[in-house]
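Topology and contacts: notes
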Amino acid sequence: MLLLPMLSLASVPSLVATRSRQFQPRRNRYAPRRAVRCAAAASGTDEFTAKSGYLFELSAAEADSLAEYRISKIAAIYSRKPLLVARRLVQTGIAFGKWFGLRYVDALLDRSEAMFQVRAAELRKILVELGPAYIKIAQAISSRADLIPPSYLDELSLLQDRISPFSSEVAFSMIEQELGLSLVELFSEISPEPVAAASLGQVYQARLRKTGQVVAVKVQRPGIQAAISLDILILRFMAGLIRRAGKLNTDLQAIVDEWASSLFREMDYNNEASNGIKFRNLYGSIPDVVVPLMYMEYTTRKVLVMEWIEGEKLSEVKDLYLIEVGVYCSFNQLLECGFYHADPHPGNLLRTYDGKLAYLDFGMTGEFKQELRDGFIKACLHLVNRDFDALAKDFVTLGLLPPTADKEAVTKALTGIFQNAVAKGVRNISFGDLLGNLGTTMYKFKFRIPSYFSLVIRSLAVLEGIAISFNPEYKVLGSTYPWIARKVLTDSSPQLKSSLETLLYKDGVFRIDRLESLLTESLRAKTEKAIVKQTEGTDSRMVMKEILSFTLTEKGEFVREIIVQEFAKGLDALGLATLETAAARVPFSAFFYSPLMTEEDIINLRTFQRLMLLLLGGKRKEESNTGSRQAIPDKNQILYMEELSLVLNQVESVQDILPVLSIILELPPESQQQLLQVPANLVRQLISRAAARTIKRVFL
C-alpha cells in the first residue's frame, strides 16, 4: 500500500462543521426500541447492503446483546423472526442453487472451461452480496493455489481487501461518534475514500493531529453483527444435519462455534488492538518481522487506529526467504508461545519495501495449550521417524482419536497411509501427501477434528499455499521440522525430555541414527539471533562448530549427557575390544581366556564409531556402514579386529584433530568451561561401568 493523497481537513471547514453538528454522545445514540438501520442502505453504495440490508433490522437491545457469541441468545432473537430467517434461507438457496445450476448446464453443453472465468466472477459476486460470513469462508481457501483453479483463485483473492466499500459519510460519522471528537480534532489529513475494503470493515489513511504520525483508520461495516449472527445460526443448523446424515465423528457444530467465537472477537476492535499489542511484544523482535503499533486511545469496538505499514502482498512477490521467516514466526507462535495469528490470509501478510514481513489484522487469534503443543511436537517426531505406534497415541492426546480406539489397528492403518509419504524424506512431506488417503481411515476409526485444530492447521496451510503459488515444490513441514528438532533437543520440559529419551532408546539400545537425524535437521534451523538468508552450503568444519556450540550450551545439557554416556560406553567397549584382540594373539589363549565382549559391547563400539564421525563433522564411509550386520558376537576374533580398525580409522592423522582443536578455541568461554568438565564426567562413568562389570563377573 502506497502513501496516498489525503484530504486536508483544515481546508474544508464546512465538512468539519457538518461533522460537529452530527455528533451526539454515544450514550444517547439510540432510543430504547428504535430500529437500527445502516445509513449506507439509502446510499446504495455497496452490494452487501443493497442485497442483504434487511438483516440489519434489530432493536437496540437486540443489537447490543450480539456483542459476544452466544448461540442461545442468537437462537432466541431469531426464533421471534421466522420470516426473516426464511427470507435469508431463500436468498441463500436461490443464489447458490442458480450458480450450481449454471455450472451443471455448462457441463452438459461441454463449455465448462470456456465459462470458468465467468462463473468464478459470479461466485465472487454472490459471496459479496451474501456478506461477511461467506466471504470469510472463501478467504480461508483463497490462498491454496494447489486446491483452487486459477480463475477462481484470482476472483476469491479479490475478497481479501477489494470488496465494495460502504459510504465514507457513514464511516466518518461512525469515527466521530465512537471517539467522541470531530475529524478535525482527530486528524490533520484523511483520505476521502477508503484505501482498502474487507469483509468486516474498511481502512482509511490519515495523519494524527497530535503527533503527525501517518496511521491506518479501520472502521467497521454497520450491521455486520446482525448479518453474521443469522448466517452462523443457519450454518450451525446445516452442520448438524450434515453430521447426522453422514454419520460423521467430528462435531461440525463445535467447529462452527469455534470459528464463530473467533469471528465475533474479530468484530471487537478493542480485542484486535489488544491482540496486536500482545503479538508485537511476543514476535516483534524477530528479525525481519514487522508488527504495527496500536493506538489504544483512538480505539473502540468499531474503530481501530494503528501504525501505517507500506508494502506489497506477500502472495504477489516471489520471496521464499520471507516465507521462511513466516514459517519461523509461525513456529514461535504455535510451539513456543502458543499465541498465534489465526487468519493469515495473503491480504494480512505484506512484504515491506525494505524487505521485511509485516503482519496485519489481529482480530482472529488463538491459544494453543502447552499439552497440545507438546503433543503436536511429539506427533511430528513420531511421523518423521515412522514410529506409527507412538503416533496413534499422539492422536489420542491431540483429541483426534477417542481413547477407546483400537491402537494396534490404528497403527497398522497409519503405517499404510503415511509410509510412502514419509519415505520421501522430511523435506519432501506435504499436507497433501499426508491427507491423501486419510478420509476412509478417519471414518473407520472415528477420527474427529477438534475445534482448535482447524485454525492451527490453517495458519500453516496458508503459508504453504502462498509459497506453492510460485514454488510448487515448497513444503512447509520440511521448513518447520528443523525448528521442531531443535526444540526437542533443547527444551527443558519433562514431557519433551521423556519423548526424546523414548525416541533415542529402544529396549535399552541407543539409536544413533535418530540423534544424527535430529542434529542434522536442527542445524538447518536459522538462529533466532540472526536469521540468515543463505540456507545451504555448510562444510564439515561448520557442522562440527554447530554441534559443539549446541551441545556445550545450557540448553544442550540433556543431549550432552546422552552423548557423554554413549561415549563412555563406546570407550569401554573399545578398551575391551583392544584387550580381547591382544589376548587373541597369545598362543593357546583360548584355553584360559574367556571372551569379554558381549552383544551390547559390539553395538556400543559401532555407536562410538558413529559418534566419532558425527563430532568430527565427517560423512559415513561406505565401509563403515555396518548397521545391517547382525550384532551377534562372533567367536572369531576377526570381527573385533574389524570393528576396532573401523573406529581407529576415523582419525587417520593429526590433521583430522586440528580442526576440532581450532574450533574449541573459537567457542565462548562458558562453552569451553563446559568442555573442561566432560573428561572428568567420562572417567567417572568409565569407572562406574568397570566396577559394575567386575561385580557382575565375580558374583553372578
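Residues numbered from 1 in each chain as written. Predicted model: local features only at pLDDT ≥ 70, side-chain atom pairs only at ≥ 80, totals over all residues. Heavy atoms only, no water.

In total, this model carries three cavities of 30 Å³ or more according to the counting rule given. As a volume, the largest cavity reaches approximately 40 Å³. Lining the largest cavity, in full, are Ser 330, Gln 333, His 341, Pro 344, Leu 349, Tyr 359, Ser 459 and Leu 463. (1 Å grid on protein atoms, 1.4 Å probe; cavity = no way out; pocket = protein on both sides within 12 Å on 5 of 7 lines; lining within 4 Å. Points joined across faces, edges and corners; volume = space filled by probe spheres on them.)

Further remarks concern the packing of aromatic side chains. Summed over all chains, the structure comprises 12 aromatic pairs. Ring plane angle 80° and centroid distance 5.0 Å describe the contact between Trp 99 and Phe 100, whose orientation is recorded as edge-to-face. Residue classification places Trp 99 among the buried positions, given a relative accessible area of 9%. One aromatic cluster is present, built from ring pairs that chain together Phe 279, Tyr 283, Tyr 359 and Phe 362. (Phe/Tyr/Trp six-rings, centres within 6.5 Å; stacked < 30°, edge-to-face > 60°. Buried < 20%, exposed > 50% of the residue type's maximum accessible area, 1.4 Å probe, protein only.)

The sheet contact formed by strand 10 (residues 311–313) and strand 12 (residues 349–352) spans three bridges and is antiparallel. The residue of strand 12 that forms the bridge with Lys 313 is Leu 350. As judged from the three bridges shared by strand 12 and strand 13 (residues 357–359), these two strands associate in the antiparallel manner. Following the sheet pairing, Leu 350 is matched in strand 13 by Ala 358. (Pairing = 2+ DSSP bridges. Helix = DSSP H or I, 4+ residues; strand = E, 2+ residues; numbered from the N terminus.)

Take the pattern of salt bridges next. Taken as a whole and assessed by the stated rule, the structure comprises 17 salt bridges. In this structure, the salt-bridge partner of Arg 119 is Glu 122, at a minimum N-O distance of 2.9 Å. Taken together, the residues span about one helical turn, with Arg 119 and Glu 122 both in helix 7 (residues 116–130) at a distance of three residues. For Arg 119, a relative accessible area of 4% gives the class buried. On the basis of relative accessible area, Glu 122 is assigned to the partly exposed category, the value being 27%. Linking Arg 236 and Asp 257 is a salt bridge whose minimum nitrogen-to-oxygen distance equals 2.8 Å. Here Asp 257 lies in helix 13 (residues 252–266) and Arg 236 lies in helix 12 (residues 224–246), a separation of 21 residues in the sequence. (Salt bridge = Lys/Arg side-chain N within 4 Å of Asp/Glu carboxyl O.)

As a packed pair, helix 16 (residues 370–384) and helix 17 (residues 388–397) sit with axes 9 Å apart at the nearest point and diverge in direction by 160°. Overall, the two elements helix 16 and helix 17 adopt an arrangement that is roughly antiparallel. Regarding helix 16 and helix 17, the two cross each other, and that crossing is left-handed. Seen from helix 16, the contacting residues are Glu 371, Leu 372, Gly 375, Lys 378, Ala 379, His 382 and Leu 383; seen from helix 17, they are Phe 388, Ala 390, Leu 391, Asp 394 and Thr 397. (Axes fitted to C-alpha atoms, helices over the stretch in contact; angles between N-to-C directions. Parallel < 35°, antiparallel > 145°, perpendicular 65-115°, else oblique. Left-handed = near helix turned anticlockwise from the far one by under 90°. Contact = heavy atoms within 4.5 Å.)

Here we come to the side chain of Asp 572. As for its placement among the helices and strands, Asp 572 is situated in helix 26 (residues 557–584). For Asp 572, a relative accessible area of 7% corresponds to the buried category. Leaving out residues up to four positions away in the same chain, Asp 572 has contacts with Leu 686, Arg 689 and Arg 693.

The subject of this paragraph is the confidence of the model for the protein chain. Per-residue pLDDT for the protein chain has a mean of 77; in total, 76% of the residues score no lower than 70. Ranking the elements of the protein chain by mean pLDDT puts strand 2 (residues 35–36) last with 32 and strand 9 (residues 303–307) first with 97. Note that pLDDT drops below 50 for residues 11–44; the model gives that stretch 50 contacts with residues more than four away or on any other chain. Scored below 50 in pLDDT, residues 619–637 makes 37 contacts in the model with residues more than four places away or belonging to other chains. (pLDDT = per-residue confidence, 0-100.)

Within the sequence span of helix 17, burial applies to Phe 388, Ala 390, Leu 391, Ala 392, Asp 394 and Phe 395. At the exit of helix 17 stands Gly 399, carrying a positive phi of roughly 85°.

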